[in-house]
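# Chains, contacts and geometry: an overview
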Amino acid sequence: MYAYSDFDADFVQTRVAQFRGQVDRRLTGALTEEEFKPLRLMNGVYLQLHAYMLRVAIPYGTLNGAQMRRLAMIADRWDRGYGHFTTRQNIQFNWPGLVDIPDMLDALAEVGMHAIQTSGNCIRNVTADHFAGAAADEIEDPRPLAELIRQWSTDHPEFQFLPRKFKVAITGAPADRAATRAHDIGLRMLKRDGAPGVEVIIGGGLGRTPIIGQVLRDFLPRADLLPYLEAILAVYNRHGRRDNKYKARIKITVLENGIDTIRTEVEEEFLRRQALFSGEDQAALAAISRAFAAPHLIPRDAAAYDRALADPVFAAWAATNLSPHRNADHAIVTVSLKAPGLPPGDATSAQMRVLADLAETLGHDEIRISHEQNVILPHVARADLPRLHIALMAAGLATANAGLLSDIIACPGMDYCALATARSIPIAQDIATHFTRLGLEREIGALKIKISGCINACGHHHLGHIGILGLDRAGVENYQITLGGDATETAAVGERAGPGFPADALIPALERLLRAYLGLRHGPDETFLDAFRRLGADPFRAALYPGEVRDAA
Amino acid sequence: MSVARRGAFHPAILTANDLASGVPLVWTSDGAWTRDPVLAHLFNDATDADAAMAQAATQGTSIVAPYLIDATPAPGGPRPTVFRERIRLTGPTLAPN
């Protein structure tokens, strides 16, 4: 994986020293809170409900054992012994003191990590397919391009004060595991006549106006990526609304101007920008690509794996938490951070150390964080999986639920977040606990439940097969359900089912909904989303609102 | 976050966050800050509340973002009327992991 150059290391250390001075000046009163707030946000520091929060970028979701171990050390030394992995491949520490944050950032810088551009109206952490570099269906590893974008966008002087925050996601596989159509820019790597390129999608986003992105260019030669991105950002900078923050994202710019007008302007701007690039970016990309060379995987006999499948506990875990690797004798392991009853996406420092050790001993020192708030070990020999599973069980990390009902995405919600209108995590905990107790999870099969504690939609609720949005209705938490959302290459925004439910009525409503699905489906192979697409919302609405007088039509 | 307060005065407590640690604080009857919400002073009078706010506004090197939150008298200290503020003062509602 990419290792910091001297330039990167100096740059990050300089930023930490600068921020340390800013914190000192704030504490002595030389800076007011009004002056300090934009400075702390540029370094990923928020003031939440109970404490400051530090959001650390995990670029394109990739880290190694030493970095994971450092996150554990930070959690123990300056926080409360755990961290929260987010839907944007970041980690958030919920309890740091302001006075300690410069030391935390120094500790991160020592292992090539930072919190730069994890907040503010700039280009945020570039996210990528969490199976990148390993997936059987992959055309090309997207991480070299993601790293190129990270380097280009970090402190880019033209794009530090955009109309609003700007999120880029990239995938190198036809199966979209990076939710590219829900990003300001989504990039899908392709090949045309053997030549590498990308499909460029713009104007996707969630929040109060959820929109699926549209294709701006169906094939862009890979070498043109940076000038083309610059052209998009320049057009957005020109036309993006600065008068109303709710209309400031590029999705609204595209909506108001039309994709054809935006395309015309981007293509004109692209020609100007392209002329200014003289090849340094391609030289940088070549060097970056060498850093992402795939690990040398030695062919292994998988007999131990086949024998272990006789153990029902191992077999259940293998059935849900393993994904096809490009080498058939290896597997991609999803380590679930969704143990029913515990906060989705949280890992203790002890668990982080176990993951670091396992990555180093059995996984070629590679770890990924998924936007679904799980940890991925992308290169594990099938022969080593029984051993890995035993170690995960001992650490409380062997929950066999990847892709099932209790593998819930949930934002921090009102238990932590200053923006939230309702709680998310306790709802996720209750849902997971309830359906696990019922024993229906495996029968229900593939299901994505996503929960947001406010309209900003950090929990991607619009993209959940079942989405849950927590709102404040006259001082009482109320939960709206959306149905039929999809984050993948068949992306769709879920439809609102009807009036919301108070917290104590939500789980009975979900149980009615899912029992109705079990009765309606053609068989176990027809997922909830497939059944919803075949039948439409009506039978599911009827299950959610059984007492409702229905329109005879 | 500051809360705009218009119209008739409702009983309220004064809160802020500690600058160095970020933890939420409440203003006591002794005119000091504490982390213990049980000790919050319930203002029943706009003049007193405004005076405390004015004093808090001069404490920018120790606290952040002072504001008043509506509360009602209750055994064990004033109770914020909005659940967000109750969670803010008492901590996450989920079990620690």
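A quick note: this is a predicted structure, and the numbers were derived from the prediction, not measured. (Residues numbered from 1 in each chain as written. Chains lettered and ligands numbered in written order. Predicted model: local features only at pLDDT ≥ 70, side-chain atom pairs only at ≥ 80, totals over all residues.)

## Some words on the overall build of chain B
Worth spelling out the cut-off: Only DSSP runs of H or I reaching four residues or more are called helices, and only runs of E reaching two or more are called strands; each is numbered from the N terminus. We take the radius of gyration over the C-alpha atoms and set the globule estimate at 2.2 Å times the residue count to the 0.38 power. With C-beta atoms placed from the backbone, a residue is labelled by how many other C-beta atoms lie within 10 Å of its own: buried for 20 or more, exposed for 12 or fewer, partly exposed between the two. For every residue pair, C-beta atoms are placed from the backbone, and the pair is scored as a contact if these atoms sit within 7 Å.
Looking only at helices and strands, one finds two helices and five strands in chain B. Listing each helix as α and each strand as β along chain B from the N terminus yields β-β-β-α-β-β-α. The C-alpha atoms of chain B give a radius of gyration of 13 Å, which matches the 13 Å a tight globule of 97 residues would have. Once the C-alpha set of chain B is aligned to its principal axes, its extents read approximately 45 × 30 × 25 Å. Each of the 97 residues in chain B was classed as buried or not, and the buried ones make up 32%. Taking contacts inside chain B between residues at least 6 apart in sequence as the whole, the part at least 24 apart equals 55%.

## Quick look at the interface of chain B and chain A
Defined as follows: Each residue receives one of three labels: charged for Asp, Glu, Lys and Arg, nonpolar for Ala, Val, Leu, Ile, Met, Phe, Trp, Tyr, Cys and Pro, and polar for the others, Gly being one of them.
Opposite the 22 residues of chain B that make contact, chain A presents 27 residues. Every element with two or more residues in the side of chain B that touches chain A is listed here: β4 (63-72) and α2 (83-90) of chain B. Examining the composition of the side of chain B that touches chain A, we find that four residues originate from one element, α2(B), more than from any other. Of the residues that constitute the side of chain B that touches chain A, the class distribution is 12 nonpolar, eight polar and two charged.

## A closer look at the environment of A:G186
Residue and element names in this part refer to chain A. Secondary-structure assignment places G186 in strand β8 (residues 185-192). Note on G186: 30 C-beta atoms within 10 Å, which makes it buried. Expressed as a C-alpha distance, the spacing of G186 and V200, which sit 14 residues apart in the sequence, is 6.1 Å. Each residue touching G186, except ones within four places of it in the same chain, is listed here: A169, T180, R181, I201, G204 and G213.

## A word on the pairing of strand β18 (residues 466-473) of chain A
Residue and element names in this part refer to chain A. Stated precisely, the cut-off is as follows: Criterion used throughout: strands pair if DSSP finds at least two bridges between them.
Strand direction decides the pairing type here: strand β17 (residues 449-452) and β18, joined by four bridges, are parallel. Paired with S452 across the two strands is L469, which belongs to β18. Hairpin remark: β18 followed by strand β19 (residues 476-483), antiparallel, with two residues in the connecting loop; positive phi at A474, about 50°.

## Topic: the packing of helix α1 (residues 6-28) of chain A against helix α4 (residues 101-109) of chain A
All names here are of chain A. Spelled out, the test is: Inter-axis angles, ranging from 0 to 180 degrees, are taken between N-to-C directions of lines fitted to C-alpha atoms, where helices are fitted over the stretch in contact. Should an angle lie under 35 degrees it is considered roughly parallel, over 145 roughly antiparallel, and from 65 to 115 roughly perpendicular; all remaining angles are considered oblique.
Look at α1 against α4: their axes get within 9 Å of each other, and the N-to-C directions meet at 175°. By the angle class used here, α1 and α4 are roughly antiparallel. Contacts from V12, Q13, V16, F19, R20 and V23 in α1 reach I101, P102, L105, D106 and A109 in α4. Along the lines of polarity and charge, the residues of the contact of α1 with α4 split into eight nonpolar, one polar and two charged.

## A look at the sheet that holds strand β6 (residues 127-128) of chain A
All names here are of chain A. A sheet is described by the order of its strands in space; here five strands give the open sequence β6-β7-β8-β9-β10, paired in mixed fashion. Each end of this open sheet is capped by a strand with a single partner; those strands are β6 and β10 (214-221). Strands β8, β9 (195-202) and β10 of the sheet are contacted by helix α6 (residues 225-239), whose axis makes an angle of about 10° with β9.

## Let's talk about the sheet that holds strand β14 (residues 367-369) of chain A
All names here are of chain A. Taken together, the five strands give an open sheet; going across it, the order is β3-β14-β15-β12-β11, and neighbouring strands pair in antiparallel fashion. Pairing within the sheet leaves two strands with one partner each, and these edge strands are β3 (62-63) and β11 (322-324). Sheet topology note: the β14/strand β15 (residues 375-381) ladder contains two bridges and is antiparallel. Paired with R368 across the bridge in β15 is I376.

## Concerning the environment of A:N90
For A:N90, the location among the structural elements is in strand β5 (residues 90-93). C-alpha of A:N90 to C-alpha of A:A115: the two residues are 25 residues apart in sequence and 9.0 Å apart in space.

## Observations concerning α1(A)
All names here are of chain A. Formally: Here, expected helix span is obtained from the residue count minus one, scaled by 1.5 Å.
When the terminal C-alpha atoms of α1 are compared, their 33 Å separation across 23 residues agrees well with the 33 Å that a helix rising 1.5 Å per residue should span. For α1, the set of buried residues is V12, V16, F19, V23 and R26. At its buried positions, α1 is contacted by α2 (33-42) and α4. Once α1 finishes, G29 follows within two positions and takes phi at roughly 95°, a positive value.

## Focus on helix α8 (residues 259-276) of chain A
Over its 18 residues, α8(A) extends 25 Å from the first C-alpha to the last, a length consistent with the 26 Å expected when each residue adds 1.5 Å. Those residues of α8(A) that are buried lie in contact with β10, α6 and α7 (250-257) of chain A.

## Overview of unusual backbone geometry
Residue and element names in this part refer to chain A. Phi is positive for Q89, which is not a glycine, with a value near 55°. Mapped onto the elements of the fold, Q89 is located in the loop between β4 (82-85) and β5. On the basis of neighbour counts, which here come to 25 C-beta atoms within 10 Å, the residue Q89 falls in the buried class. A positive phi angle is found at A457, which is not glycine, with a value near 70°. Mapped onto the elements of the fold, A457 is located in the loop between β17 and β18.

## Concerning the pairing of strand β7 (residues 168-171) of chain A
Residue and element names in this part refer to chain A. The alternating pattern of β7 places V168 and I170 and A169 and T171 on opposite faces, both of which are buried. Sheet analysis places β6 next to β7, joined by two bridges and oriented parallel. Residue pairing across strands places A128 opposite I170, the latter belonging to β7. Here β7 pairs with β8 via four bridges, running parallel. Bridge pairing in β8 places A169 opposite G186.

## What to know about the environment of A:Q92
Residue and element names in this part refer to chain A. Turning to its location among the elements, Q92 is positioned in strand β5. Residue classification places Q92 among the buried residues on the basis of 24 C-beta atoms within 10 Å. In the structure, Q92 is positioned 384 residues away from V476 in sequence and 27 Å away in space, judged by C-alpha atoms. With residues near it in sequence (within four places) discarded, Q92 still touches M53, L54, R55, G83, H84 and T86.

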